[in-house]
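Examination of the molecular architecture
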Amino acid sequence: MQRARQLARQYRGYLRGQPEAAVADPEHPRWLGALLALAYPDRVAQQRRPGGAEYRLANGRAALFSETDSLMKQPWLVIADLGSRQGQREERIYLAADFDPVLFDSVLAEQVRQVDQLDWDEREGVLRAERQRKVGELVLSREPLSGLDESARTQALVNLVRRKGLELLPWTPELRQWQARVALLRQLDLEATGASQWPDVSDGALLKGLEQWLQPYLGKVSRLSHFANLELAGIIHNLLPWPLPQRLDELAPHHLTVPSGSSIRLDYSEHPPILAVRLQELFGLAQTPRIAGGRQVVKLHLLSPARRPVQVTQDLANFWRSTYAEVKKDLKGRYPKHYWPDDPLIAEATARVKPRK
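Rules used throughout
Residues numbered from 1 in each chain as written. Predicted model: local features only at pLDDT ≥ 70, side-chain atom pairs only at ≥ 80, totals over all residues. Heavy atoms only, no water. Helix = DSSP H or I, 4+ residues; strand = E, 2+ residues; numbered from the N terminus. Polar contact = N/O pair within 3.5 Å; in protein donor to acceptor, adjacent residues only side chain to side chain. Contact = heavy atoms within 4.5 Å. Pairing = 2+ DSSP bridges. Axes fitted to C-alpha atoms, helices over the stretch in contact; angles between N-to-C directions. Salt bridge = Lys/Arg side-chain N within 4 Å of Asp/Glu carboxyl O. Buried < 20%, exposed > 50% of the residue type's maximum accessible area, 1.4 Å probe, protein only. Phe/Tyr/Trp six-rings, centres within 6.5 Å; stacked < 30°, edge-to-face > 60°. Core = buried A, V, L, I, M, F, W, Y, C linked by side-chain atoms within 4.5 Å.

The next thing to look at is the side chain of arginine 181. Secondary-structure assignment places arginine 181 in helix α5 (residues 173–193). A polar contact of 2.7 Å, which involves the side chain of arginine 181, links it to the backbone oxygen of alanine 252. Among residues more than four places away in sequence, those in contact with arginine 181 are Leu248, Asp249, Ala252, His254 and Tyr268.

And the structure:
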């Protein structure tokens with residue numbers, strides 16, 4: 001200690017001008033915290049709530065006292081020794097010293113950075129712009145910014161979507177079907193040749209490319225509720241260059257016409273796509289319907305007259321040959337007024353109880 005004090009006097013003698021009172025007094029208690037902050041800048045920690053055991057470190061992690069400690073009276077600490085055990089999310093504080101954040105205005109000023117931050121106030125749902133003084137992930141002070149740059153503002157909106165996910169946008173079931181239709185055609189191409197003219201419209205690809213397809217349309221968004229006003233269908237559909245929109249309707253149609261004459265909607269939310277249709281409407285159809293230029297067979301959900309599933313198949317010919325007789329026996333008992341022919345391949349399909357005479 002005597003040698004350390006002698007060196008301290010020697011170093012102070014090198015200083016020009018009048019040093020600060022704290023610098024002049026090496027016994028000042030805040031210097032322990034200052035020295036630890038110089039050694040472990042990532043371990044400067046701010047208390048989450050007054051008197052609480054949990055602190056947030058400059059590196060963004062959490063640390064806490066496992067039992068009551070007198071240091072819990074201090075809003076700022078520097079932690080000299082911490083660690084965690086298996087299964088614990090937070091670090092445990094084993095050795096620490098109180099810290100005076102005023103030191104960030106003088107001897108620790110190099111640890112402070114200034115950041116212009118644009119982000120959302122989650123409670124009020126509005127965009128906030130502020131200039132922050134930060135030490136790592138800890139905010140020392142903040143002041144509002146005015147005159148937002150438009151590109152920075154829309155980039156903040158993009159960052160919000162990227163953080164919260166695409167569900168922040170006004171998706172509809174129809175748009176999700178469109179997404180699945182494009183994805184199906186792309187997948188079939190990639191499996192066949194390794195390349196595709198169909199763009200990647202998966203959620204992951206859309207999130208990655210928000211700056212290209214979404215950011216140009218965010219000019220009128222200033223509140224969280226404004227996302228609901230976006231014309232998302234038009235924005236998303238613009239991802240397909242001409243003539244792909246027309247090809248999409250040809251290769252992955254919304255509906256298929258079955259032998260009864262009914263136009264039945266396809267469900268692309270599963271792979272392969274599902275065609276849920278009443279069994280009687282397929283009489284006379286020998287093979288399972290296909291889409292995508294014949295490359296993709298659909299999955300048939302064969303329904304009873306009450307529209308309850310009685311069979312799921314991708315091989316209609318085999319169903320007629322091996323399973324129909326048993327299914328017919330069951331359905332004839334439950335729906336005796338309906339038409340159940342012995343040979344479904346030569347029978348007339350109908351959406352009614354029985355075919356018209």
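The strands that make up a sheet are held in pairs by hydrogen bonds between backbone atoms, and each pair lies either parallel or antiparallel. Taken together, the 5 strands give a closed barrel; going around it, the order is β1-β2-β3-β5-β4, and neighbouring strands pair in mixed fashion. With direction set aside, neighbouring strand axes in the sheet form an average angle of 50 degrees. Bridging between strand β1 (residues 44–47) and strand β2 (residues 54–57) involves 3 bridges; their strand directions are antiparallel. Residue pairing for β2: glutamine 46 is matched across the bridge by arginine 56. Each of β1, β4 (76–83) and β5 (91–98) touches helix α3 (residues 30–39); the most contacted strand, β4, lies at about 55 degrees to it.

On to the pattern of salt bridges. Going through the model one piece at a time under the given rule, you end up with 16 salt bridges. For the salt bridge of glutamate 150 with arginine 153, the shortest nitrogen-to-oxygen distance reads 3.1 Å. Remark: arginine 153 and glutamate 150 occur in helix α4 (residues 150–164); sequence separation between them is 3 residues, near one turn of the helix. Overall, the relative accessible area of 42% leaves glutamate 150 in the partly exposed class. Given a relative accessible area of 11%, arginine 153 falls into the buried group.

Let us look at the environment of arginine 278. Here arginine 278 lies in strand β11 (residues 274–278). The class for arginine 278 is partly exposed, based on a relative accessible area of 23%. Linking arginine 278 and leucine 302, residues 24 residues apart in sequence, is a C-alpha distance of 5.6 Å. Here arginine 278 is in contact with Leu303, Ser304, Pro305, Arg307 and Ala351, once residues within four sequence places are set aside.

Another aspect to go through is the packing of aromatic side chains. The description of two aromatic rings rests on the distance between their centres and on the angle between their planes. What the rule picks out here adds up to 10 aromatic pairs. Where phenylalanine 283 meets tyrosine 324, the ring centres are 6.2 Å apart and the plane angle is 85 degrees; that geometry is what we call edge-to-face. Here phenylalanine 283 is found in the loop between β11 and β12 (290–291), whereas its partner tyrosine 324 is found in helix α10 (residues 316–334), with 41 residues between them in sequence. Judged by relative accessible area, which is 1%, phenylalanine 283 ranks as buried. You can call tyrosine 324 buried: its relative accessible area is 2%.

Moving on to the nonpolar core. Buried together is how nonpolar side chains tend to be arranged in soluble globular proteins. The biggest cluster of nonpolar side chains holds 62 residues, and the ones touching the most others in it are Leu169, Trp213, Phe227, Leu275 and Leu279. Among the elements that line this core, the one with the most residues is α5, at 7 residues. Those residues in contact with tryptophan 213, other than ones at most four positions away along the chain, are Leu166, Leu169, Leu206, Leu232, Ile235, Ile236 and Leu239. Val78, Phe99, Val135 and Leu138 belong to the second largest nonpolar core, which has 15 residues in total.

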